[in-house]
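# Structural characterization, general
Spelled out, the chains give:
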Amino acid sequence: MKYLAFILFTVLTNAAAQLMLKQGMLSLGPLTFTPDTAIARFFQILFNPWVFAGLATFAISMVSHLYVLSKVELSFAYPFLSLAYVAVAVFAYFIFREDLNAWRIAGIGFICVGTVLIAQSGRTTPAEAAAIDTPATKSIHIGSPT
């Protein structure tokens, strides 16, 4: 739980990047690609201020995630990224007026419950787990010497 602030920063920057990318693509309007315009369209998209900011925010999110991965177990940190789905759905509802129907709300609820369960599993640090691991419990581990 010590690194929860960094995990949530990763989640929020990831969600913010998605919202910026969406705004950038909306500002460009419907795109068509032909062999003659493909390269020009690529640069038009890449250098759109919203898209560029979204990609930069993704880079910040990735650096934050790499820091988190250096400190906590992947199986603990990675599921928190699902909260980005929640943030994106809620902000998209308010910013872009996207639909937030009962099915999506139910899905968001399941994501939140799952994330809470995973967060509860991370309350024991590896050092605490090693201290709890007594000689009686060591024989339970598969492949450990008895």
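Structure's up top.
Parameters at a glance
Residues numbered from 1 in each chain as written. Predicted model: local features only at pLDDT ≥ 70, side-chain atom pairs only at ≥ 80, totals over all residues. Heavy atoms only, no water. Helix = DSSP H or I, 4+ residues; strand = E, 2+ residues; numbered from the N terminus. Buried < 20%, exposed > 50% of the residue type's maximum accessible area, 1.4 Å probe, protein only. Contact = heavy atoms within 4.5 Å. Areas by Shrake-Rupley, 256 points an atom, 1.4 Å probe, with all protein chains shown as cover. Core = buried A, V, L, I, M, F, W, Y, C linked by side-chain atoms within 4.5 Å. Axes fitted to C-alpha atoms, helices over the stretch in contact; angles between N-to-C directions. Parallel < 35°, antiparallel > 145°, perpendicular 65-115°, else oblique. Left-handed = near helix turned anticlockwise from the far one by under 90°. 1 Å grid on protein atoms, 1.4 Å probe; cavity = no way out; pocket = protein on both sides within 12 Å on 5 of 7 lines; lining within 4 Å. Points joined across faces, edges and corners; volume = space filled by probe spheres on them. Nonpolar A, V, L, I, M, F, W, Y, C, P; charged D, E, K, R; others polar.

## A look at the overall build of the chain
Each helix and strand in the chain was counted, giving eight helices and zero strands. Starting at the N terminus and walking to the C terminus, you meet the elements of the chain as α-α-α-α-α-α-α-α. Per-residue burial over the chain gives 25% buried out of 146 residues. Here the contacts in the chain between residues at least 6 apart in sequence split such that 74% fall between residues at least 24 apart. In the form shown here, the chain has an accessible surface area of approximately 10000 Å², with 72% of it arising from carbon and sulfur atoms.

## Points about the nonpolar core
Ranked by internal contacts, the top residues of the largest apolar core, which has 15 residues, are Ile-7, Val-72 and Phe-80. Among the secondary structure elements, those contributing two or more residues to this core are helix H1 (4–28), helix H4 (74–77), helix H5 (83–95) and helix H6 (102–121). For this core, the element with the highest residue contribution is H5, accounting for four residues. Not counting the four nearest positions on each side in its chain, Val-72 is found in contact with Tyr-3 and Ala-77.

## Description of the packing of H1 against H5
The description of two packed helices rests on the angle between their axes and on the distance between the axes. Running from N to C, H1 and H5 cross one another at 40°; their axes reach a closest spacing of 9 Å. What the angle tells us is that H1 and H5 run oblique. In this structure, the crossing between H1 and H5 has a hand that is right-handed. Mapping the contact onto sequence places Leu-8, Val-11, Asn-14, Ala-15, Gln-18 and Leu-19 in H1 and Leu-83, Ala-84, Ala-87, Val-88, Phe-91, Ala-92 and Ile-95 in H5.

## Structural notes on the layout of surface pockets
When its volume is computed, the second largest pocket comes out at roughly 210 Å³. Taken together, Asn-14, Gln-18, Tyr-78, Pro-79, Leu-81, Ser-82, Ala-84, Tyr-85 and Val-88 make up the lining of the second largest pocket. Those elements that place two or more of their residues in the lining of the second largest pocket are H1 and H5. The greatest single-element share of the lining of the second largest pocket, amounting to three residues, is contributed by H5. Class assignment of the residues belonging to the lining of the second largest pocket gives a composition of six nonpolar, three polar and no charged.

Purely geometric stuff here, so don't read any function into it on its own.
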